[in-house]
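Residue-level structure breakdown
Each chain, written out:
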Amino acid sequence: MELKKTKNAILPTPWGDFKLIGFEEKDKNKNHIALVYGNIDVNIPILSRIHSECVTGDALFSLRCDCGFQLKKALTMIANEGSGILIYHRQEGRNIGLLNKIQAYSLQDKGLDTVEANHKLGFSADERDFTSCIKIFNMLRIKSIKLLTNNPFKIKLLKKNGIDVVQRISLIVGKNSKNIRYLNTKEKKMGHLLSVKK
Ligand SMILES: Nc1nc2c(ncn2[C@@H]2O[C@H](COP(=O)(O)OP(=O)(O)OP(=O)(O)O)[C@@H](O)[C@H]2O)c(=O)[nH]1
Ligand SMILES: [Zn+2]
C-alpha cells in the first residue's frame with residue numbers, strides 16, 4: 001500500500017495547537033489524519049492514540065458508544081504530556097462504513113449486540129486493517145510508543161509489525177446508560193479491557 005503525506009498545517013484546538021498531517025492511501029482512495037502535538041523526540045516512547053473514525057460519536061455527540069469521550073480525553077492527555085500523536089484512522093464503523101453501521105445500529109435497536117449485528121450483515125466483528133497506521137508511524141520515524149487503548153489486539157498487532165509498545169494506558173471514559181450494553185459486549189466478546197483501570 002502506497003501512502004502519501006501532505007504538507008503540515010496547524011489545527012488549533014481547545015487543548016492547544018496540533019500539527020495536522022494528511023495521509024492518502026493512493027490505491028484505495030482513502031485518507032487518514034495525524035494530529036501531532038509538540039516536538040516528537042523519536043528516541044523516547046511517544047504518547048500515542050489510534051482513534052478509529054466514528055462520525056456519530058466524534059462529531060454528532062452520540063451516547064451509543066465511547067468514541068467521542070475517548071477522542072477528547074486522548075487529545076487532552078497528549079496536550080498535557082507536552083508531545084504525542086493521535087492518528088485519526090478513517091475506517092468508520094470498524095471499517096464497515098457509516099451506512100452499514102447505521103444498519104448495524106438498527107439491528108441493535110431490535111436486540112442484537114454489536115457483534116451479532118455485524119455478523120447478520122455479513123461482516124466479521126472487526127473489519128479494520130491497521131496497515132496505514134503502522135505506515136504512518138514508520139513515515140514519522142516513530143518506533144516506540146505508549147498507547148492509549150483498551151484493546152489488547154491493537155498492541156499485539158503493532159508489536160508484530162515492529163512498533164515497540166512499551167506501555168498501555170487505559171482510556172476508560174464515557175460510560176453511560178445508553179452504551180453500557182455495547183461496552184459489556186466489547187469486554188465479553190471482543191476482549192477489551194474495560195473493568196481494570198491502569
Ligand atoms: N460496526 C460497528 N462499529 C461500531 C459500533 N460502535 C462503534 N463502532 C465503531 O468502532 C470503532 C471504534 O472501536 P472501539 O471498539 O470503540 O475501540 P478500539 O479502537 O477497538 O479500541 P480503543 O483503542 O480502546 O478505543 C469506530 O470506528 C466506531 O465507528 C457498532 O455498533 N458497530
Ligand atoms: Zn463510536
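Below, the structure is looked at part by part.

About the cut-offs
- Residues numbered from 1 in each chain as written.
- Chains lettered and ligands numbered in written order.
- Predicted model: local features only at pLDDT ≥ 70, side-chain atom pairs only at ≥ 80, totals over all residues.
- Heavy atoms only, no water.
- Pairing = 2+ DSSP bridges.
- Helix = DSSP H or I, 4+ residues; strand = E, 2+ residues; numbered from the N terminus.
- Axes fitted to C-alpha atoms, helices over the stretch in contact; angles between N-to-C directions.
- Contact = heavy atoms within 4.5 Å.
- Near = heavy atom within 4 Å.
- Polar contact = N/O pair within 3.5 Å; in protein donor to acceptor, adjacent residues only side chain to side chain.
- Nonpolar A, V, L, I, M, F, W, Y, C, P; charged D, E, K, R; others polar.
- Donors = N, O, S within 2.8 Å, 3.2 Å for Na, K, Ca; no water.
- Buried < 20%, exposed > 50% of the residue type's maximum accessible area, 1.4 Å probe, protein only.
- Arc of directions from axis to C-beta.

Note on sheets: strands pair through backbone hydrogen bonds, and any given pair is parallel or antiparallel. Strand order in the open sheet formed by 7 strands is S1-S2-S3-S5-S4-S6-S7, with mixed pairing between adjacent strands. Of all the strands in the sheet, the pair left with one neighbour each is strand S1 (3–13) and strand S7 (164–169). Between one strand axis and the next, the sheet turns through 25 degrees on average, direction left out of account. Pairing of strand S6 (residues 144–148) with S7, which is carried by 5 bridges, proceeds in the parallel orientation. Within S7, the position partnered with Leu148 by the bridge is Ile169. Across the sheet, helix H2 (residues 67–81) is in contact with strand S2 (16–25), strand S3 (30–37), strand S4 (46–52), strand S5 (84–89), S6 and S7; its angle to S4 comes to roughly 160 degrees. Seen against the sheet, helix H6 (residues 131–139) touches S1, S2, S3, S4, S5 and S6 and runs at an angle of roughly 150 degrees to S5.

What follows concerns the site of ligand 1. Surveying the vicinity of ligand 1 reveals 24 residues, the closest of which are Arg49, Glu53, Thr149, Lys154 and Lys186. Glu53 places a polar main-chain atom, nitrogen or oxygen, 2.7 Å from an oxygen atom of ligand 1. Asn151 is positioned such that a nitrogen or oxygen atom in its side chain is 2.8 Å from an oxygen atom of ligand 1. Contributions of two or more residues to the shell around ligand 1 are made by S4, helix H3 (92–95), helix H4 (98–109), helix H5 (114–120) and helix H8 (180–190). In terms of residue class, the shell around ligand 1 is made up of 4 nonpolar, 11 polar and 9 charged.

All right, on to the coordination of the zinc ion (ligand 2) then. Protein ligation of the zinc ion (ligand 2) involves Cys54 (SG), Cys65 (SG) and Cys67 (SG), the donor distances falling in the range 2.2 Å. In primary sequence terms, the donor set of the zinc ion (ligand 2) follows C-x10-C-x1-C. Taken together, the residues Cys54 in the loop between S4 and helix H1 (55–59) and Cys67 in helix H2 connect sequence positions 13 residues apart. Overall, the relative accessible area of 4% leaves Cys54 in the buried class. We classify Cys67 as buried; its relative accessible area is 12%.

Turning to helix H7 (residues 152–160), a few remarks are in order. Every buried residue of H7 is accounted for by Lys154, Ile155, Leu157 and Leu158. One face of H7 carries all of its buried residues, which in axial projection span an arc of 165 degrees. In H7, the exposed positions that point more than 90 degrees away from the buried face belong to Lys156 and Lys160. A side-chain oxygen of the first residue of H7 lies 3.0 Å from the backbone nitrogen of Phe153; this N-cap is Asn151. Positioned one or two residues after H7, Gly162 has a phi angle of 85 degrees, which is positive.

Along the chain, the position of Arg128 falls in the loop between H5 and H6. Note on Arg128: relative accessible area 16%, which makes it buried. In terms of polar contacts, Arg128 uses its side chain to reach the side chain of Ser52, at 2.7 Å. Here Asp126 takes part through its side chain, which lies 2.8 Å from a polar atom of the side chain of Arg128. Arg128 has contacts with Ser52, Gln91, Arg94, Asn95, Asn151 and Lys154, leaving out every residue within four places of it along the chain.

Right, let's get into the environment of Ile10. Mapped onto the secondary structure, Ile10 falls in strand S1. The sequence separation of Ile10 and Leu35 amounts to 25 residues, and the corresponding C-alpha distance is 9.2 Å. Among all residues touching Ile10, those that are not within four sequence positions of it are Asp17 and Phe18.

Our focus in this paragraph is the pairing of S2. Two faces make up the sheet, and in a regular strand the side chains alternate between them. Of the strand pairs in this sheet, S1 and S2 are connected by 9 bridges, and their pairing is antiparallel. The residue of S2 that forms the bridge with Lys5 is Phe23. Pairing of S2 with S3, which is carried by 7 bridges, proceeds in the antiparallel orientation. Across the sheet, residue Lys19 finds its bridge partner in S3, namely Val36. Counting the residues between successive antiparallel strands, the hairpin from S2 to S3 contains 4 residues, one of them, Asn29, with a positive phi of roughly 55 degrees.

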